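Summary of structural features
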Amino acid sequence: MGAYQSTPAESTPAVSTPAETAPAKSTPAVSTPAELTPSKSTPVDSTINHARNKAIEQKAAWTITPQQIGLKILVQPPDADDTDIDIVAIHGVGAKPEYTWVDRESKVNWLSDPTMLPAALPKARIMTYNYASHWFGDNAVKQSLSGVANKLLHSLADEREECMNRPIIIIGHCFGGLVAQEVYNAAVLLQEDHRGIADSIAGIVFLGTPHRGIPESSGLGTNGQIYQAIIESKVPVQYGLMNTIAQDNEILVNAVHNFTRTVSIRGNNVPELFCFFEQKSCRVGRVAGLEDHPLEFLVTESSGTLSGHPKEGLPLGHFAMNKFQNCQDDNYKSVRRQILKMAKLRKVYKTYMTEGQVTANISRPRALLLGNQAL
């Protein structure tokens, strides 16, 4: 660049020729592409690109075994006949089942730790639903929202053959919340195929679920830096799941609309809904092993909530929304509160149904608790 700055045009204007006054246009040696566009070929950037590709390849090498996939029971009451509710937790995209619900620092899984959810609901059977969710790398699987939901429905039918009317509460993190919605949509539409499930879903807790998608401005948007870095690394990519959670995606828009519409018109026996949204930005680049990507909000409050339904913010980043340190963790207490409320609402509803005391004036199970009764 030094030669370009000391051109004859700058030092001897009286004798300069047209060729000398415009060296950038006529002197290739001065304005080489390597000097004008260093980002394409400098050793520093080549090293950075190599490091990024290596990080992406390491993330892409992750696998999920057939033994990890499916509906897995974490906690079962000692006497199966005492079980009065099923809890099903569904992870998001690119998750490792063995770590999804485990806090990094305390190594505690709040779904199975005896001082946490099992203590709050001692008669609950607590399960996770795991599916192949990695979307880039040699082990990436072509998945769809309806495909994941249908497999979960079949798994629930197998596990609930002897308890078809037992209440279910679903906990969904990120894409897992969309799976929960699609499960309900399909269970309502095809009740003969999935008997008892639609009427048994007592509540759904959403943890950072992108009901309105991930904005294009995000690094994980289809035009974002992370998404493009993965594509440029030349690892195999299956676009299905990530495209589904893109903002304004037709599949996403229709699924969420059908879900909220069904809940609003179906009548008494519909699930309670509660949305938790993130209040801290996070390093989204970790999805692809890119630690240098700037902090950002992956799922905004407007995307992480459903109009007309209760919501609460948690001072956590997206990837921490489903992990809690211990039973004194205030974020855990917030989530536990809503799960317990849903469980109690369904118990009260079932009692009134059994005793024949439900009247036409009761439009939602929560009315049976007579307002804001403490739980």
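Structure shown above.
Calculation criteria
- Residues numbered from 1 in each chain as written.
- Predicted model: local features only at pLDDT ≥ 70, side-chain atom pairs only at ≥ 80, totals over all residues.
- Heavy atoms only, no water.
- Helix = DSSP H or I, 4+ residues; strand = E, 2+ residues; numbered from the N terminus.
- Expected span 1.5 Å × (residues − 1).
- Buried < 20%, exposed > 50% of the residue type's maximum accessible area, 1.4 Å probe, protein only.
- Phe/Tyr/Trp six-rings, centres within 6.5 Å; stacked < 30°, edge-to-face > 60°.
- Pairing = 2+ DSSP bridges.

**What about helix α9 (residues 175-189)?**
The end-to-end C-alpha distance of α9, which contains 15 residues, comes to 21 Å, matching closely the 21 Å that a straight helix rising 1.5 Å per residue would cover. In terms of residue burial, α9 counts as a mostly covered element, since 14 of its 15 residues are buried.

**Considerations on the packing of aromatic side chains**
The final tally for this structure, using the stated rule, is 12 aromatic pairs. Measuring from ring centre to ring centre gives 6.2 Å for tryptophan 110 and tyrosine 332, while their planes differ by 65°; the resulting arrangement is edge-to-face. On the criterion of sequence distance, the pair formed by tryptophan 110 in the loop between β2 (85-90) and α7 (117-120) and tyrosine 332 in helix α14 (residues 330-355) is long-range, its members being 222 residues apart. The class of tyrosine 332 is buried, set by a relative accessible area of 0%. Taking the centre distance of 4.8 Å and the plane angle of 45° together, the rings of phenylalanine 274 and phenylalanine 276 count as tilted. Judged on exposure class, the residue phenylalanine 274 and its partner phenylalanine 276 are both buried.

**With respect to the pairing of strand β6 (residues 272-278)**
Most of β6 sits inside the fold, with 7 of its 7 residues counted as buried. By the alternation rule, side chains of β6 split into Glu272, Phe274, Phe276 and Glu278 and Leu273, Cys275 and Phe277, which are all buried. Here strand β5 (residues 201-207) runs beside β6; their pairing, made up of 5 bridges, is parallel. Within the sheet, the bridge partner assigned to phenylalanine 206 lies in β6 and is cysteine 275. Here 4 bridges tie β6 to strand β7 (residues 311-314), and the two strands are oriented parallel to one another. Bridging from a neighbouring strand, glutamate 278 pairs with leucine 314 of β7.

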